[in-house]
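Take a look at the letters that make up each chain.
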Amino acid sequence: RKDYLERLMSKVEVDSYGTCLRNKVLPECNFTREERHKLSRSHACARRGTHNVVKMTTTASYKFLFSFENTAESHYVTEKPYDALRVTTVPV
C-alpha cells in the first residue's frame, strides 16, 4: 500500500490521515456535548468516542476514501470500508 500511495501522491494530491504516509492531522474536537451526541448517533457507534466522530465527520467531506487493510487475511474485513459507506463516501 505504501508503494501505491507514493506513486499516486506523486501524480495527484492525496490527503492521508492514517499512519501510512500521513500528511494531514484530524482537526481538534470542539463539539458541544449535544453536537457530540448527535454526531455519535448519526455517524458512529457512541462507545467509539469523540475521536471517531471527528474521523467520520472528516471522512464525510471527501468523495473517496482509500480503505487499505493492514493484513491480508481471507474472510476478514475491518470497519474501514463500512465507515466510508456510513457517511456516503466511496471506499476504494
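Residues numbered from 1 in each chain as written. Predicted model: local features only at pLDDT ≥ 70, side-chain atom pairs only at ≥ 80, totals over all residues. Heavy atoms only, no water.

**With respect to the packing of aromatic side chains**
Now for step 1: Within the structure shown, the criterion is met by four aromatic pairs.
Now for step 2: Between Y17 and Y62 the ring centres are 6.2 Å apart and the planes differ by 75 degrees, which places this aromatic pair in the edge-to-face class. Here Y62 lies in the loop between α3 (49-59) and β1 (64-65) and Y17 lies in the loop between α1 (2-9) and α2 (33-43), a separation of 45 residues in the sequence.
Now for step 3: Judged by its relative accessible area of 26%, Y17 is partly exposed.
Now for step 4: For Y62, a relative accessible area of 26% puts it in the partly exposed group.
Now for step 5: Put simply, the rings of Y4, F66 and F68 pair up and form one aromatic cluster. (Phe/Tyr/Trp six-rings, centres within 6.5 Å; stacked < 30°, edge-to-face > 60°. Helix = DSSP H or I, 4+ residues; strand = E, 2+ residues; numbered from the N terminus. Buried < 20%, exposed > 50% of the residue type's maximum accessible area, 1.4 Å probe, protein only.)

**Details of the pattern of salt bridges**
Now for step 1: Summed over all chains, the structure comprises two salt bridges.
Now for step 2: Close ionic contact of K55 with D83 constitutes a salt bridge, the shortest N to O distance being 3.9 Å. Of this pair, K55 sits in helix α3 while D83 sits in helix α4 (residues 80-86); the two residues are 28 residues apart in sequence, bridging distant segments of the chain.
Now for step 3: Using a relative accessible area of 27% as the deciding quantity, one classes K55 as partly exposed.
Now for step 4: In this structure, R86 and D83 form a salt bridge, with 2.5 Å as the shortest nitrogen-oxygen distance. Highlighted residues: R86 and D83, both in helix α4, separated by three residues, approximately one helical turn.
Now for step 5: Residue R86 is classed as partly exposed on the basis of its relative accessible area, which comes to 45%.
Now for step 6: Looking at D83, the relative accessible area reads 3%, which means it is buried. (Salt bridge = Lys/Arg side-chain N within 4 Å of Asp/Glu carboxyl O.)

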